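Here is what each chain is made of, one letter per residue.
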Amino acid sequence: MFRNWMRRLAAVAALSLVATGMVVVAACGGDDDDDTNGNGSVTPAATLGKLTILDPWVRTTTNDVSAAYFTVKNSGLDDTLISAKTSVTTNVQLHEVVTEGGTSKMQEKAGGFPVPANGELALKPGGYHVMLMDLKSPLKEGDQVELELTFKSAGTVKLSAPVKPGAAMSPGLGSGSPTATPK
């Protein structure tokens, strides 16, 4: 099992080098979906106490690895996203992308992701993300993935995330950085 994981990690690292070049060529910008509720504000996917989860999505895949992304807005005290679950796999980890020298790599984020008081946590390609490994089947555009997010203080919330194509890169690698910013 460890050897399989190491082979996958090596493959992801190799693909990230190719993907980095492809990302430079790819057009920048968000999705074209209408995520507003008609008055210009974004409709929350879920709320839990003082936490609001916005714009969740999961990357399409043709293999057994994907990633989930979303933004958590916090109008209360500090909190921490400590775990995630989904029925599409039993192997879910909170990951960060770390750059050492000229190489970026994904790794599990010990302790979870901080959600600052009166701030936000942004999970995005190239930064913090929920890693979905050993998927039961590939995820296709238009599928929905049910996620269960657990926060240290606020508790657990369930939400549905659409599967969308991401930039032409490995899950979790590319432009961007971990983001947890106070407002």
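Residues numbered from 1 in each chain as written. Predicted model: local features only at pLDDT ≥ 70, side-chain atom pairs only at ≥ 80, totals over all residues. Heavy atoms only, no water.

Enquirer: Just to check I follow, could you spell out the overall build of the protein for this structure?
Expert: From N to C terminus, the protein includes one helix and 12 strands. Reading the protein from its N terminus to its C terminus gives the helix and strand order α-β-β-β-β-β-β-β-β-β-β-β-β. Evaluated residue by residue, the protein yields a buried proportion of 42% over its 183 residues. Of the contacts made within the protein by residues no fewer than 6 positions apart, 70% connect residues no fewer than 24 positions apart. (Helix = DSSP H or I, 4+ residues; strand = E, 2+ residues; numbered from the N terminus. Buried < 20%, exposed > 50% of the residue type's maximum accessible area, 1.4 Å probe, protein only. Contact = heavy atoms within 4.5 Å.)

Enquirer: So what exactly am I meant to see when it comes to the nonpolar core here?
Expert: Nonpolar side chains tend toward joint burial in soluble globular proteins. Ile53, Val130, Leu149 and Phe151 are the most contacted members of the largest nonpolar core, which totals 30 residues. If we skip the residues at most four places from it in the chain, Ile53 touches Pro44, Ala45, Ala46, Phe70, Thr71, Val72, Leu149, Phe151, Val157 and Leu159. (Core = buried A, V, L, I, M, F, W, Y, C linked by side-chain atoms within 4.5 Å.)

Enquirer: Help me understand the pattern of salt bridges, please; the structure alone is not making it clear to me.
Expert: Summed over the entire model, instances satisfying the criterion amount to six salt bridges. Notably, a salt bridge pairs Lys85 with Glu148, separated by 3.7 Å at the nearest N-O pair. Of this pair, Lys85 sits in strand β4 (residues 79-86) while Glu148 sits in strand β10 (residues 144-151); the two residues are 63 residues apart in sequence, bridging distant segments of the chain. Given a relative accessible area of 52%, Lys85 falls into the exposed group. (Salt bridge = Lys/Arg side-chain N within 4 Å of Asp/Glu carboxyl O.)

Enquirer: Would you mind going over the confidence of the model for the protein with me for this structure?
Expert: Close inspection of predicted coordinates is inappropriate for parts of the model with low pLDDT. On average, residues of the protein carry a pLDDT of 78, and 68% of them reach 70 or more. Counting contacts from residues 9-41, a segment whose pLDDT is below 50, to residues more than four positions away or on other chains yields 25 contacts. Under a pLDDT of 50 for its full length, residues 168-177 has, in the predicted model, 46 contacts with residues more than four places off or in other chains. (pLDDT = per-residue confidence, 0-100.)

Enquirer: Any chance you could explain the side chain of Arg59 here in plain terms?
Expert: In this structure, Arg59 sits in strand β2 (residues 51-59). One buried charge, Arg59, has no salt-bridge partner; the nearest side chain with opposite charge is Glu141, at 12 Å. Separated by 2.6 Å, the side chains of Arg59 and Tyr69 make a polar contact. (Lys, Arg positive; Asp, Glu negative; His and termini not counted. Polar contact = N/O pair within 3.5 Å; in protein donor to acceptor, adjacent residues only side chain to side chain.)

Enquirer: Any chance you could explain the pairing of strand β9 (residues 129-133) here in plain terms?
Expert: The two faces of a sheet get side chains in turn, since along a regular strand they alternate between them. Of all five residues in β9, five are buried, a share of seventy percent or more. Alternating positions in β9 separate into two faces, His129, Met131 and Met133 on one and Val130 and Leu132 on the other, with burial throughout. Direction of pairing for strand β5 (residues 91-100) relative to β9: antiparallel, over a ladder of five bridges. Note that in β9 the partner of Gln93 across the bridge is Met131. (Pairing = 2+ DSSP bridges.)

Enquirer: How should the pairing of β5 be read in this particular structure?
Expert: Among the 10 residues in β5, seven count as buried, and that is most of the element. The pairing of β5 with strand β6 (residues 103-108) spans six bridges and is classified as antiparallel. Across the sheet, residue Glu100 finds its bridge partner in β6, namely Thr103. Joining the antiparallel neighbours β5 and β6 is a turn of two residues, in which Gly101 adopts a positive phi near 65°.

Enquirer: Would you explain unusual backbone geometry in this entry?
Expert: Where the residue is not glycine, phi is negative for most of them; where a peptide bond is considered, it is trans in most cases. Backbone geometry at Asp55 places phi at a positive 50°, although glycine is not the residue there. Tracing the sequence through the fold places Asp55 in strand β2. We note that Asn118 has phi near 50°; this positive angle belongs to a residue other than glycine. Residue Asn118 is classed as partly exposed on the basis of its relative accessible area of 42%.

Enquirer: Mind showing me how you'd approach the environment of Ala110 here?
Expert: Mapped onto the secondary structure, Ala110 falls in the loop between β6 and β7 (113-115). In this structure the C-alpha to C-alpha distance between Ala110 and His95, which are 15 residues apart in sequence, comes to 8.7 Å.

Enquirer: Please explain the side chain of Thr61 as it appears in this structure.
Expert: Tracing the chain through its elements places Thr61 in the loop between β2 and β3 (65-74). Here the side chain of Thr61 touches Asn63 through a polar contact of 2.5 Å, side chain to side chain.

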